[in-house]
Amino acid sequence: MTPTQLREWLFQNTKDDQWWISLDAVTEDSPVTVNKLEERLKSRQYNKVQVLHLSQAGLANPPWIQVELPEPPPQRVHQVTSQIRPLPTANRKPALTCQTCGRGALVRRKRYRMSGPVVLIGYILLIPCVIGMLFGALLLFASGSAGTAGSAAADKQTRTQLEAQAIPAPIIQKVVSLKPITEDDRSTLTSKQQSVVDEAKLSLSMGKVGAGAGAVIGGGLAIFLIISCFVGGLLGWLLIMKKKILQCNLCSAAVAAS
């Protein structure tokens, strides 16, 4: 308990402020008040403090109360300032002295791995190859779209021609779908209509085959163009690659950067 809690106990139990006090297992000769107890605690000379109210001294088992000791005052930390040389950081690195001239500092730079003419050839290869890959991708998309659009246009034209000859719709659908025409279907047509249907079917078949072949050829050319331009662009990229070096700012001597 704390001295404040002891006072509350006195108030609740209407007792006199008289306590036996034990300091480190040594009981004093006369009772003390809570104020005197606080003075003992403030001295901070004791590790264990117990109290017993005067009215409870005659009990067979006296209930000694453990008193909480005050917390020690915070210790002041003396800040010692010392001049510490900052370590090199990523933005502040120690300069390396040139071993050739002995005076200049080595600066990190980038330089082309190949000679000037070879680098020029690399750019000549790289730039057109990049454009070629873009053109090949566009050609691949266009060939697929053209094949689909050509087939749809042929279907529409065939349907218009057959409708102009008063061909029944089921037969027109079979012609457009390239399905075989049965004898029952042909029996409902005149000889002129039969010849128109045969011509339309043959023309539509040839048109779709041509559109499909064109799409395949165009797509194949586009894929070939993309692959060849990729290989050429890769070669050009290898020719224009740079390497890191350390170059002296005075004599321009260069060494490879590790």
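Residues numbered from 1 in each chain as written. Predicted model: local features only at pLDDT ≥ 70, side-chain atom pairs only at ≥ 80, totals over all residues. Heavy atoms only, no water.

For the protein chain, the count of helices and strands is six helices and eight strands. Ordered by position in the sequence, the α and β elements of the protein chain form the string α-β-β-α-β-β-β-β-α-α-α-α-β-β. Here the C-alpha radius of gyration of the protein chain, 52 Å, is well above what a compact globule of 258 residues would show, namely 18 Å. Counting across all 258 residues of the protein chain, residues that qualify as buried make up 23%. When contacts within the protein chain are restricted to residue pairs at least 6 apart in sequence, those whose partners lie at least 24 apart make up 60%. Of the roughly 18400 Å² that the protein chain leaves accessible, carbon and sulfur atoms contribute 60%. (Helix = DSSP H or I, 4+ residues; strand = E, 2+ residues; numbered from the N terminus. Rg over C-alpha atoms; globule rule 2.2 N^0.38 Å. Buried < 20%, exposed > 50% of the residue type's maximum accessible area, 1.4 Å probe, protein only. Contact = heavy atoms within 4.5 Å. Areas by Shrake-Rupley, 256 points an atom, 1.4 Å probe, with all protein chains shown as cover.)

On the surface, Leu140, Ile223, Ile227, Phe230, Val231, Leu234, Trp237 and Leu238 cluster together to form a nonpolar patch covering roughly 780 Å² of accessible area. When residues of the nonpolar patch are assigned to their parent elements, the largest contribution, seven residues, is made by helix α6 (residues 191-239). (Patch = residues over 30% accessible without salt bridge, like charges linked within 9 Å, V, L, I, M, F, W, Y side chains within 5 Å. Salt bridge = Lys/Arg side-chain N within 4 Å of Asp/Glu carboxyl O.)

What follows deals with the side chain of Ser22. Relative to the helices and strands, Ser22 resides in strand β1 (residues 19-23). Here Ser22 is in contact with Thr27, Lys48, Val49, Gln50 and Trp64, once residues within four sequence places are set aside.

For the rest of this paragraph, the subject is the packing of aromatic side chains. Tallying each qualifying case throughout the model produces one aromatic pair. Judged by centre distance (5.5 Å) and plane angle (55°), the rings of Trp9 and Trp19 are tilted. Residue Trp9 is located in helix α1 (residues 3-13), and its partner Trp19 is located in strand β1; the two are separated by 10 residues in the primary sequence. In this structure, Lys242 packs its charged tip against the face of Tyr112, placed 4.9 Å from the ring centre. (Phe/Tyr/Trp six-rings, centres within 6.5 Å; stacked < 30°, edge-to-face > 60°. Lys NZ or Arg CZ within 6 Å of the ring centre and 35° of its normal.)

Read across the open sheet, the four strands follow the order β2-β1-β3-β4; overall the sheet is antiparallel. Every interior strand has two partners, whereas the edge strands, β2 (26-27) and β4 (65-66), have only one. Pairing geometry for β1 and β2, over two bridges, is antiparallel. Paired with Leu23 across the bridge in β2 is Val26. (Pairing = 2+ DSSP bridges.)

Let us look at helix α2 (residues 34-43). Residues of α2 that are buried: Val34, Leu37 and Leu41. Within α2, the buried residues cover an arc of 50° as seen down the axis, which keeps them to one side. Residues of α2 that are buried make contact with α1, β1 and β3 (49-53). Just beyond α2, the residue with positive phi is Arg44, at close to 55°. (Arc of directions from axis to C-beta.)

As for its position among the elements, Thr33 is in the loop between β2 and α2. Beyond its immediate chain neighbours, meaning those up to four positions away, Thr33 contacts Asp17, Gln18 and Trp19.

A few words now on the environment of Gln99. By the element assignment, Gln99 lies in the loop between β5 (96-97) and β6 (105-112). Owing to a relative accessible area of 75%, Gln99 belongs among the exposed residues under this scheme. Along the backbone, Gln99 and Leu6 are 93 residues apart, and their C-alpha atoms lie at a distance of 83 Å.

With respect to burial, β3 is a largely interior element, four of its five residues being buried. Here five bridges tie β1 to β3, and the two strands are oriented antiparallel to one another. By the bridge assignment, Ser22 is partnered in β3 with Gln50. The sheet contact formed by β3 and β4 spans two bridges and is antiparallel. Within β4, the position partnered with Gln50 by the bridge is Gln66.

Turning our attention to the confidence of the model for the protein chain. Averaged over every residue, the pLDDT of the protein chain is 81; the share at 70 or more is 90%. Summarising per-element confidence for the protein chain, the mean pLDDT is lowest in helix α5 (residues 183-187) (79) and highest in strand β7 (residues 242-248) (88). Low pLDDT (under 50) marks residues 80-84, which in the prediction has zero contacts with non-local residues, meaning those over four places away or in another chain. (pLDDT = per-residue confidence, 0-100.)

Moving on to unusual backbone geometry. Despite not being glycine, Thr14 has its phi angle at roughly 50°, a positive value. Along the polypeptide, Thr14 turns up in the loop between α1 and β1. By relative accessible area, Thr14 is classed as exposed at 69%. One non-glycine residue, Ser252, lies in positive phi territory at about 65°. Locating Ser252 in the fold gives a position in the loop between β7 and β8 (254-256). Residue Ser252 is classed as partly exposed on the basis of its relative accessible area of 44%.

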